[in-house]
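Okay, here's what each chain looks like letter by letter:
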Amino acid sequence: MDLFEYQGKQLFARYDIPISPGAAAYTVDEAVAAADGIGYPVVVKAQVHVGGRGKAGGVKLAADVTECRTHASNILGMDIKGHRVGLVWIEQASDIAREYYASFTLDRSAKLHLGMLSAQGGVEIEDVATTNPDAIARIQVDPVDGLTATQCEEWVSAAGLDPEARAGTLDILQKLWRCYEAADADLMEINPLILTTDGVVRALDAKVTLDANSVFRHPDYEQYEETQPRDSREQEAFGKGLQYVGLEGSVGVIANGAGLAMSTVDVVNEVGGKAANFLDIGGGANADVMAGALEVINHDPDVQAIFINIFGGITKGEEVANGIVQALERVAIDSPIVIRLDGTNAEEGRAILQPHLSDRLRLEPTMLDAARAVVALAKAK
Amino acid sequence: MSIFVDENTKVVYQGLTGSQGRFYGRLNREYGTQVVAGTNPKKAGTDVDGIPVFATVAEAVQATGANVSCVFIPAPGVRDAVLDAASGGVELIVVITEGVPMHDEAWFYNELRREYPAVRLLGPNCPGLISPGRCNIGITAGHIAKAGGPVGIVSRSGTLTYQALYELKQQGIGVTTCVGIGGDPVPGTSFIDCLAAFEGDPDTHAVMMIGEIGGSGEEEAAEFIKTEMSKPVVAYIAGVTAPPGKKMGHAGAIVSGGKGTAQAKMDALRDAGAQVGLNPTAAGALMVDVVADR
């Protein structure tokens, strides 16, 4: 779950990580009220789940109430790389002396946590990683030990920060580690971590990704689940509890298992089509789930044909086939459907589908045959 | 022969009294797996279809000689369950449970690496492993696999594994062992662990490897194939056309350094001498040719 900057900063504040005073605003009036409370100058920052908002004009300095009103009204409603700005964060402006970079994430290869710290912060950190990897001080943190004080001190020394920033950075990194661990974060990144002209170190931005699997011990995370960016199709699927990702093509895809669903999208592409979505209905494939999946796909105006790709394992072919037949009795589908059913008791399942087959409901023996058939149908329509 | 498990393997099911544990525990026993015990601290002394239930894995091991544990405990309890199994004395812990938090996985993986280095962890979020005709632990439908050899399978994906087992069976090709390592960020057993075990197994003559986008496990496996493996490998990678994830921040990109895409994984595997099928059927056909040559 990706957090907006302001949500990340509010989380940081709970762990005493220093941030600039600020407030969230949904309207221009709220933005002005927030700025009046904080005191000018302020920065008006678009809250979007996408990078590059500064270049897009989504971050502006306001010296007074007139500028605040102008910027807030320009930024609210702005489109940044397809993300509409519905919310701004009003923050006290900072006098920046230096910009650093700090983060924690999992090193999947080492199976340890990875901390990265650099004196060369700012937006181009990926370039720094490529052109000057030594400018990033990295440490591995064993989850059993956690980040030790000695380790953290060595790390800060290795990063070559300005001397006056070291104590403040050390303090922030220890708090950031506690936050990363206790909040079950997949990623916590501060870019830039700033040194102000009066010698204070602060988090000027917050990029936080929380682990959706940890909601059982953080019930308040459901609020973040609600604000994840989703298009209308993804929102409908989310409401039905389906594993759905919207794509740009014309072939609706339903498969059981994430790997098979991904593979189905690949095969559609391989034979010259384009999938409209990724949808994993899981192992059970019962009528309720199938009906829900068909409804979501049927509401996608770009879908011209639908590919149902099921491999029966523990769930037998006849159960899958009955689920499909019952779902089709409940939901009227606008597009032709091609089914591939294989695995456990596939013959029995195909026999159940047989009387229902038509131009609009076809059965193909293999995944490739089915992909070719469904792509031809999608193109013909 | 087989890797990790065989007909002598005795399994304790942690969570045998729950609906999932009971369902798959029964199926595994019907397949022929020696399902010797279950655990549930609140139901110690009872039984499930005659399978005795103990309070801890240590007690189950002492009473039944169980040497492998299979975990069907819900996600919040997995961390404790894994420790219970490791301290209880089993040599392999198979965690089927999905939805385990990353920080828990990272913690118990490293705790085991340090305190119980002889214990192998498989999963979490994996379908388990099957040595057809000998032992089936987890959620794979056993009848879709043909016993014998000469192929070993290692996979990150559940349904694609089943598909591979099934396609090989249709072609009359047997499998020594099929290991589902799971798709979570911190898998207890890696591709390399399985490739090394297959390389050392005299009955395995070729390996089918099924990967997917994300992480760098396939690239590391490719390096291993290049330098350490004499047996042929056929690979399939899912997710060629998957759009880049809606990632935030840059830390992930810096860590992976260009790895992680399906194309990068396929290139690395081809470069290592593995044959790569563009879809599961093509990979199956490649394996048919490989096996026929040997």
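Throughout, residues of each chain are indexed from 1 in the direction in which the sequence is written. Here the convention is simple: chains get letters from A, ligands get numbers from 1, in the order in which they are written. Owing to the predicted nature of the model, reporting of local features is limited to residues with pLDDT of at least 70; listing and counting of side-chain atom pairs is limited to 80 or more, with chain, interface and lining totals taken over all residues. As a rule here, side-chain values come from all non-hydrogen atoms in the structure, and water together with hydrogens is ignored.

Undergrad: What should I look at first to understand the overall build of chain A in this one?
TA: Tallying secondary structure elements over chain A gives 13 helices and 18 strands in all. Viewed in the frame of its principal axes, chain A has a C-alpha envelope of about 80 × 50 × 40 Å. Across the 381 residues of chain A, 55% fall into the buried class. Total accessible area on chain A stands at roughly 15200 Å², and carbon and sulfur atoms take up 48% of it. We count Lys and Arg on the positive side and Asp and Glu on the negative side, and we leave His and both chain ends out. We put the charge of a Lys on NZ, of an Arg on CZ, of an Asp on CG and of a Glu on CD. Across chain A, the centroid of the 32 positively charged side chains sits 3 Å from that of the 56 negatively charged ones. Strands are runs of DSSP state E lasting at least two residues, helices are runs of H or I lasting at least four, and both sets are numbered from the N terminus onward. Using a 1.4 Å probe on the protein chains alone, a residue whose accessible area is under 20% of its type maximum counts as buried, one over 50% counts as exposed, and one in between counts as partly exposed. Per-residue accessibility takes into account occlusion by the displayed protein chains alone, with areas from the Shrake-Rupley method and a 1.4 Å probe.

Undergrad: Looking at this structure, I do not really get the nonpolar core. What am I missing?
TA: It is characteristic of soluble globular proteins that their nonpolar side chains tend to be buried jointly. To define a nonpolar core, start from buried Ala, Val, Leu, Ile, Met, Phe, Trp, Tyr and Cys residues and group those joined through side-chain atoms within 4.5 Å. Residues Ile153, Met208 and Met287 of chain B are the most contacted members of the largest nonpolar core, which totals 50 residues. Here the element with the most residues in this core is helix α13 (residues 367–380) of chain A; it accounts for 9 residues. We call two residues contacting when some pair of their heavy atoms lies within 4.5 Å. With sequence-adjacent residues up to four places away left out, methionine 208 of chain B is seen in contact with Val151, Gly152, Ile153, Val154, Leu168, Val234, Ala283, Gly284 and Met287 of chain B. Judged by nonpolar contacts, the second largest core, of 46 residues, contains Phe104, Ile139, Leu170 and Met188 of chain A.

Undergrad: It is not clear to me how the layout of surface pockets should be interpreted in this structure. Could you clarify?
TA: The rolling of a water-molecule-sized probe over the atoms marks out the regions of remaining empty space. The distinction between a cavity and a pocket rests on a 1 Å grid over the protein atoms alone: a 1.4 Å probe fits inside a cavity but cannot get out, while a pocket stays open yet meets protein on both sides within 12 Å along at least five of seven lines, and a residue with an atom within 4 Å of a point counts as lining. Grid points are joined across faces, edges and corners, and a volume is the space filled by probe spheres set on the points. Taken as a whole, the second largest pocket holds about 300 Å³ of empty space. Lining the second largest pocket we find 22 residues, and of these Arg108 and Lys111 of chain A together with Pro187, Gly217 and Glu220 of chain B sit closest to its centre. Of all the secondary structure elements, the ones that give two or more residues to the lining of the second largest pocket are α4 (102–115), α6 (191–199) and α7 (217–228) of chain B. No other element matches the 3 residues that α7 of chain B contributes to the lining of the second largest pocket.

Undergrad: Would you take a moment to explain α7 of chain B for this structure?
TA: Residues spaced three or four apart along an α-helix point in a common direction, a consequence of the helix completing one turn every 3.6 residues. Residue and element names in this part refer to chain B. Given a helix with a known number of residues, its expected span is that number minus one, times 1.5 Å. With 12 residues, α7 should cover 16 Å at 1.5 Å per step; its first-to-last C-alpha distance of 16 Å lies within 8% of that length. Those residues of α7 lying buried are Glu218, Glu219, Ala221, Ala222, Phe224 and Ile225. For α7, the elements touching its buried residues are α6, β12 (206–212), β13 (233–238) and α9 (262–271).

Undergrad: Is there a simple way to explain the interface of chain B and chain A in this structure?
TA: Frequently, the measure chosen for interface size is the accessible area removed from exposure when the parts meet. Counting residues at the interface gives 62 residues for chain B, matched by 64 residues for chain A. As a working definition, buried area equals the accessible area (1.4 Å probe) given up by two parts on being put together, with both sides summed. Between chain B and chain A, the buried area comes to about 4800 Å², and carbon and sulfur atoms account for 60% of it. When a carboxyl oxygen of Asp or Glu is within 4 Å of a side-chain nitrogen of Lys or Arg, the pair counts as a salt bridge. Summed over the shared surface of chain B and chain A, the number is 3 salt bridges. Pairs of N or O atoms within 3.5 Å make up the polar contacts considered here, provided that, within protein, one atom can donate a hydrogen while the other can accept it, and that residues adjacent in sequence are counted only when both atoms are side-chain atoms. Our enumeration of links across chain B and chain A arrives at 19 residue pairs in polar contact (both at pLDDT 80 or more). Broken down by secondary-structure element, the contributors of at least two residues to the side of chain B that touches chain A are α1 (19–31), α4, α5 (158–170), β13 and α8 (251–256) of chain B. Element by element, the count of residues in the side of chain B that touches chain A is highest for α4 of chain B, at 10 residues. For the side of chain B that touches chain A, the residue count by class is 34 nonpolar, 18 polar and 10 charged. Charged means Asp, Glu, Lys or Arg here, nonpolar means Ala, Val, Leu, Ile, Met, Phe, Trp, Tyr, Cys or Pro, and polar covers whatever is left, Gly included.

Undergrad: Please clarify how the side chain of threonine 64 of chain B should be interpreted in this entry.
TA: Residue and element names in this part refer to chain B. Here threonine 64 lies in helix α2 (residues 57–64). Accessibility expressed as a relative area gives 17% for threonine 64, which makes it buried. A polar side-chain atom of threonine 64 sits 2.5 Å from the main-chain carbonyl oxygen of alanine 60. At a separation of 3.3 Å, a polar atom in the side chain of threonine 64 contacts the main-chain amide nitrogen of alanine 66. When near neighbours in sequence (up to four residues on either side) are disregarded, threonine 64 contacts Lys10, Val36, Ala37 and Phe54.

Undergrad: I'm lost on the sheet that holds strand β3 (residues 59–62) of chain A in this one. Help?
TA: Sheets are built from strands paired through backbone hydrogen bonds, the pairs being either parallel or antiparallel. Residues and elements named next belong to chain A. The pairing criterion is simple: DSSP has to find at least two bridges between the two strands. Pairing is antiparallel in the open sheet, where 4 strands are placed in the order β1-β6-β2-β3. The strands lining the two open edges of the sheet, one partner per strand, are β1 (22–25) and β3. Averaged over all pairs of adjacent strands, the angle between their axes in this sheet comes to 20 degrees, without regard to strand direction. Bridge count for strand β2 (residues 42–46) against β3 is 4 bridges, and the pairing is antiparallel. Of the residues in β3, the one forming a bridge with valine 44 is lysine 60. All axes are obtained by fitting lines to C-alpha atoms, using only the stretch in contact for helices, and the reported angles, taken between N-to-C directions, cover 0 to 180 degrees. Packed on one face of the sheet, helix α1 (residues 5–14) meets β1, β2 and β6 (88–92) and runs near 50 degrees to β6.

Undergrad: Looking at this structure, how should I read the pairing of strand β14 (residues 251–255) of chain A?
TA: If a strand is regular, its side chains alternate between the two faces of the sheet. Residues and elements named next belong to chain A. The buried fraction of β14 amounts to 5 of the 5 residues, a majority that puts the element mostly inside the structure. Across the two faces of β14 the burial is the same, with Val251, Val253 and Ala255 and Gly252 and Ile254 all buried. When β14 meets strand β16 (residues 305–312), the two strands line up parallel, connected through 5 bridges. Paired with isoleucine 254 across the strands is isoleucine 308, a residue of β16.

Undergrad: Please explain the packing of helix α10 (residues 287–298) of chain A against helix α11 (residues 317–330) of chain A as it appears in this structure.
TA: Two quantities define a packed helix pair, namely the angle between the helix axes and the distance between the axes. Residues and elements named next belong to chain A. Viewed as axis vectors pointing N to C, α10 and α11 meet at an angle of 50 degrees, and their least axial separation amounts to 8 Å. Relative to α11, the element α10 lies oblique. Regarding α10 and α11, the two cross each other, and that crossing is right-handed. Side by side, α10 and α11 meet where Ala287, Asp288, Met290, Ala291 and Leu294 of the first sit next to Gly323, Ile324, Gln326, Ala327, Leu328 and Arg330 of the second. Each angle gets one of four labels, with under 35 degrees taken as roughly parallel, over 145 as roughly antiparallel, 65 to 115 as roughly perpendicular, and the rest as oblique. Throughout, a crossing is termed right-handed when the near helix is turned clockwise from the far one, and left-handed when it is turned anticlockwise from it by less than a right angle.

Undergrad: So what exactly am I meant to see when it comes to the pattern of salt bridges here?
TA: Residue and element names in this part refer to chain A. For the structure on display, the rule yields 33 salt bridges over all chains. Taking the shortest distance from any N to any O, the salt bridge between arginine 372 and aspartate 369 comes out at 3.9 Å. With a gap of 3 residues between them, arginine 372 and aspartate 369 both fall in helix α13, about one helical turn apart. The exposure class of arginine 372 is partly exposed, given its relative accessible area of 47%.

Undergrad: Even after reading the chapter, I still don't get the environment of valine 234 of chain B, so can you show me in this structure?
TA: Residue and element names in this part refer to chain B. Take valine 234: it is sitting in strand β13. Assessed through its relative accessible area of 0%, valine 234 is described here as buried. Look past the residues within four positions of valine 234 in its chain and what remains in contact with it is Val207, Met208, Met209, Gln275, Ala283, Leu286, Met287 and Val290.

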